[in-house]
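Below are the chains, spelled out letter by letter.
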Amino acid sequence: MSRSKNLTNYHSHSLYCDGRAGMEDFVRFALSEGFTSYGFSSHAPLPFSTAWTMEWDRMNDYLAEFHRMKQKYARRIELYLGLEIDYLNEESNPSILRFRELPLDYRIGSVHMLYNEKSEVVDVDVPADIFKQIVDEQFGGDLEHVVRLYYGRLRRMLELGGFDIVGHADKMHYNASCYRPGLLDEPWYDMLVKEYFEDIAARGYQVEINTKSYHEQGTFYPNERYFPLLYSLGIRVQVNSDSHYPERINSGRPEALQALKKAGYNTVMEMYDGAWQEMPIIL
């Protein structure tokens, strides 16, 4: 199989979490699109049940079904297994032993939730109108406080480790910018994000260019304005669709590759033969 078209994806969600199709549906669609390497990354279990994360009692099924897919399609596509693991608190994050002991090929570290002043968990990875309501009702309308909490948790996740890829690195920027247009140009925010990416670079993590929202909202995560900064810091990148539907696994990929090329990148990270490799960007 040819490996020259950057047809890969390592961030996708199946029926084991909040994906809308089974593993095999994603594999078959990946094959129809000519993909050469594909990874699953269900939302890892949390200490409480949610509508969007896997439960621990499904983990063995997740592992078993993946290995069945890997064996069945071995001659046609390279398949890899991961998890998207949240930093929730010191007891539940990618670094804990229970996650590190799992036989995974890679791990994505992400933040979707914050704690409010009552120490209640609040999901802030929501539509922009709901985000505004949350900021107003749960955080007294203090957007800067919410943004700083978010990046503080991301920085703590970087410090603790236990993962390979930073998931949708600055995803809050879209909702926060809807709440307060012009936010990305405010000096304090710009400094916060630059220090965050400098920390990522110093620790050697990969950053995914998450294309999930590109066609609907016109943005990547991280925002395209930071691609030149990522390049100047020597941060390795990969392009992922964060797909919950098989037909969206390739959504936004060509545009992301073009944007990376414009920012100076000539390679992206892809997994072949069980190892991350720098592959040339082919437009």
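Going by the structure above, here's the rest.
Calculation rules
- Along each chain, residues carry numbers from 1 onward, in the same order as the chain's sequence is written.
- pLDDT decides what is reported in this predicted model: residues at 70 or higher carry local features, side-chain atom pairs at 80 or more are listed and counted, and totals for whole chains, interfaces and linings draw on all residues regardless.
- Here the side-chain values reflect all heavy atoms present in the structure, with hydrogen atoms and water set aside.
- Helix and strand labels come from DSSP, where a helix needs a run of H or I of at least four residues and a strand needs a run of E of at least two; each type is numbered from the N terminus.
- As a reference, a globule follows 2.2 Å times the number of residues to the power 0.38, and the radius of gyration itself is taken over C-alpha atoms.
- For the exposure calls, accessible area comes from a 1.4 Å probe over protein chains only, and a residue counts as buried if that area is under 20% of its type's maximum, exposed if over 50%, partly exposed in between.
- Contact definition: two residues touch when any of their heavy atoms are within 4.5 Å.
- Per-residue and other accessible areas follow the Shrake-Rupley method at a 1.4 Å probe size, with only the shown protein chains counted as cover for residues.
- Neither His nor the chain ends is counted toward charge; the positive residues are Lys and Arg and the negative residues Asp and Glu.
- Throughout, a charge is located at the NZ atom of Lys, the CZ atom of Arg, the CG atom of Asp or the CD atom of Glu.
- When DSSP finds two or more bridges between a pair of strands, those strands are recorded as paired.
- An axis is simply a line fitted to the C-alpha atoms; with a helix, the fit covers only the stretch in contact. Between two such axes, the angle follows the N-to-C directions and lies from 0 to 180 degrees.
- For classification purposes, an angle smaller than 35 degrees is called roughly parallel, one larger than 145 roughly antiparallel, one from 65 to 115 roughly perpendicular, and anything else oblique.
- Any residue outside Ala, Val, Leu, Ile, Met, Phe, Trp, Tyr, Cys, Pro, Asp, Glu, Lys and Arg is labelled polar, Gly included; the first ten of those are nonpolar and the last four are charged.
- The directions from the helix axis to the C-beta atoms are what the arc is built from.
- Salt bridges are counted wherever a side-chain nitrogen of Lys or Arg sits within 4 Å of a carboxyl oxygen of Asp or Glu.
- Only Phe, Tyr and Trp rings take part, Trp by its six-membered ring, and two of them pair if their centres are within 6.5 Å. Stacked means planes under 30 degrees apart, edge-to-face means over 60, and tilted covers everything else.
- Geometrically, a lysine NZ or arginine CZ counts as sitting over a ring once it is within 6 Å of the ring centre and also within 35 degrees of the ring normal.

J.: How should the overall build of the protein be read in this particular structure?
T.: Along the backbone of the protein there are ten helices and eleven strands. For the protein, the C-alpha radius of gyration of 18 Å lies close to 19 Å, the compact-globule estimate for 283 residues. Principal-axis analysis of the C-alpha atoms gives the protein an extent of 55 × 45 × 35 Å. Split into buried and exposed, the 283 residues of the protein put 55% on the buried side. Sequence separation of 24 or more characterises 72% of the internal contacts of the protein that already satisfy a separation of 6 or more. Counting every atom, the protein has about 12200 Å² of accessible surface; 47% of that belongs to carbon and sulfur. One finds the centroid of the 30 positive side-chain charges in the protein at a distance of 5 Å from the centroid of its 42 negative side-chain charges.

J.: Please clarify how the sheet that holds strand β9 (residues 237-240) should be interpreted in this entry.
T.: Strand pairing in a sheet relies on backbone hydrogen bonds. The paired strands run either parallel or antiparallel. On the basis of which strands lie adjacent, the open sheet formed by seven strands has the order β1-β2-β3-β4-β7-β8-β9 and parallel pairing. Two strands in the sheet have a free side with no partner beyond their single neighbour: β1 (8-9) and β9. With respect to the sheet, helix α1 (residues 23-32) is in contact with β2 (37-43) and β3 (78-86), its orientation differing from that of β2 by roughly 150 degrees.

J.: Is there a simple way to explain the pairing of strand β11 (residues 275-280) in this structure?
T.: Side-chain direction in a regular strand flips from residue to residue, so the side chains alternate between the two faces of the sheet. Pairing between strand β10 (residues 267-272) and β11: six bridges, direction antiparallel. Directly across from Met271, in β11, lies its bridge partner Trp276. Counting the residues between successive antiparallel strands, the hairpin from β10 to β11 contains two residues, one of them, Asp273, with a positive phi of roughly 55 degrees.

J.: Quick question: what am I supposed to make of the packing of helix α4 (residues 128-138) against helix α6 (residues 172-179) here?
T.: When two helices pack together, their arrangement is given by the angle between the helix axes and by the axis-to-axis distance. Between α4 and α6, the least distance of the axes is 9 Å, while the angle of their chain directions is 75 degrees. Taken together, the axes of α4 and α6 lie roughly perpendicular to each other. Along its contact with α4, which presents Ala128, Phe131, Lys132, Val135 and Asp136, the element α6 presents Met172, Tyr174, Asn175, Ala176, Cys178 and Tyr179. Considered class by class, the residues forming the contact of α4 with α6 number eight nonpolar, one polar and two charged.

J.: How do you make sense of α4 when you look at a structure like this?
T.: Think of an α-helix as turning once every 3.6 residues; residues three or four places apart then point the same way. The set of residues buried in α4 consists of Phe131, Ile134 and Val135. The buried residues of α4 occupy one face: seen down the axis, they fall within an arc of 95 degrees. For α4, the exposed residues lying more than 90 degrees away from the buried face are Asp129 and Glu137. Considering only its buried residues, α4 is in contact with β6 (121-123), α5 (143-160) and α6. Backbone geometry just downstream of α4 places Gly140 in the positive-phi region, at approximately 60 degrees.

J.: What exactly am I supposed to notice about the pattern of salt bridges here?
T.: In a structure, side chains of opposite charge can pair up when their charged atoms sit close to one another. Throughout the structure, instances matching the rule amount to twelve salt bridges. For the salt bridge of Glu144 with Arg148, the shortest nitrogen-to-oxygen distance reads 3.0 Å. Of this pair, Glu144 and Arg148 both sit in helix α5, four residues apart, roughly one helical turn. As a salt-bridge pair, Arg203 and Asp199 come within 2.7 Å of each other at their nearest N and O atoms. Within this pair, Arg203 and its partner Asp199 are both found in helix α7 (residues 187-203), separated by four residues, close to a single helical turn. With a relative accessible area of 40%, Arg203 lands in the partly exposed category. Each of Glu90, Arg156 and Glu159 takes part in one network of salt bridges that share partners.

J.: For this particular structure, what's the right way to read the packing of aromatic side chains?
T.: Aromatic ring pairs are defined here through the distance separating the ring centres and the angle between the ring planes. Under the defined criterion, the tally for this structure stands at 18 aromatic pairs. Seen in terms of ring centroids, Tyr106 and Trp276 are 5.9 Å apart; in terms of plane orientation they differ by 70 degrees. Their pairing is edge-to-face. With a gap of 170 residues between them, Tyr106 in strand β4 (residues 106-110) and Trp276 in strand β11 connect regions that are remote in the sequence. The buried category is assigned to Tyr106, whose relative accessible area is 0%. Taking the centre distance of 5.3 Å and the plane angle of 70 degrees together, the rings of Tyr151 and Tyr196 count as edge-to-face. Of this pair, Tyr151 sits in helix α5 while Tyr196 sits in helix α7, placing them 45 residues apart in sequence. Of the two residues, Tyr151 and Tyr196, both sit in the buried class. Clustering of aromatic rings is evident, with ring pairs tying together Tyr150, Tyr151, Trp188, Tyr189, Tyr196, Phe197 and Tyr226. Over the ring of Trp56 we find Arg98, and its NZ or CZ is 3.8 Å from the ring centre. Directly above the ring of Tyr245 sits Arg248, whose terminal nitrogen or CZ lies 4.2 Å from the centroid.

Functional significance is not addressed by these values, which are geometric in nature.
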